[in-house]
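Structural description and commentary
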Amino acid sequence: KIDLCRERLAQKELWVATYNFTRQNYAAALPRIDVILKEYPRTLVVPETLYLLGEILTAQGKSAEAQRAYRQLAEQYPHTEWGRRASLRLPPSALR
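Note that the coordinates shown come from a computational prediction; the quantities given were computed from them, not determined experimentally.

A word on the overall build of the protein chain. The helix and strand tally for the protein chain stands at 5 helices and 0 strands. Ordered by position in the sequence, the α and β elements of the protein chain form the string α-α-α-α-α. At 13 Å, the protein chain has a C-alpha radius of gyration in line with the 12 Å of a compact globule built from 96 residues. Viewed in the frame of its principal axes, the protein chain has a C-alpha envelope of about 45 × 30 × 20 Å. When the 96 residues of the protein chain are sorted by exposure, 39% land in the buried category. Across the protein chain, every contact between residues at least 6 apart in sequence was considered, and the portion connecting residues at least 24 apart equals 41%. Accessible surface, the protein chain as shown: approximately 6200 Å² in total, 54% of it carbon and sulfur. Of the side chains in the protein chain, 15 bear a positive and 10 a negative charge, and the two mean positions are spaced by 1 Å.

Below, the structure is given as structure tokens:
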């Protein structure tokens, strides 16, 4: 039951981060992403969270940081939808 609760809390944080992202309120979305990655690192929303982080960094013009987030996602979660999407956002030379 504890794991289920942690998963739901992580989902709520991701929902709020996504809401803020769609409103282009990146300053409000980034702390939510940090909470997920630090407090809920073993939840199922981590791949989607890393992808959202890459999208936010791209929107902010921080392409090098965004590429790092996409690369981490593509390497750690290649079997997920988000890992495949991240690999499409990377230049061909970035994948090993």
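Before going further, it helps to spend a moment on unusual backbone geometry. Of note, the phi angle at Q24 is positive, near 60°, even though the residue is not glycine. Relative to the helices and strands, Q24 is located in the loop between α1 (2-22) and α2 (26-39).

Looking now at the nonpolar core. With 25 residues, the main nonpolar core has I33, Y51, L52, I56, Y70, L73 and A86 as its most contacted residues. Elements represented by at least two residues in this core include exactly α1, α2, α3 (46-59), α4 (63-76) and α5 (81-89). Residue contacts for I33: discarding those within four places in its chain leaves A17, T49, L52, L53 and I56.

About the cut-offs
- Residues numbered from 1 in each chain as written.
- Predicted model: local features only at pLDDT ≥ 70, side-chain atom pairs only at ≥ 80, totals over all residues.
- Heavy atoms only, no water.
- Helix = DSSP H or I, 4+ residues; strand = E, 2+ residues; numbered from the N terminus.
- Rg over C-alpha atoms; globule rule 2.2 N^0.38 Å.
- Buried < 20%, exposed > 50% of the residue type's maximum accessible area, 1.4 Å probe, protein only.
- Contact = heavy atoms within 4.5 Å.
- Areas by Shrake-Rupley, 256 points an atom, 1.4 Å probe, with all protein chains shown as cover.
- Lys, Arg positive; Asp, Glu negative; His and termini not counted.
- Charge placed at Lys NZ, Arg CZ, Asp CG, Glu CD.
- Core = buried A, V, L, I, M, F, W, Y, C linked by side-chain atoms within 4.5 Å.

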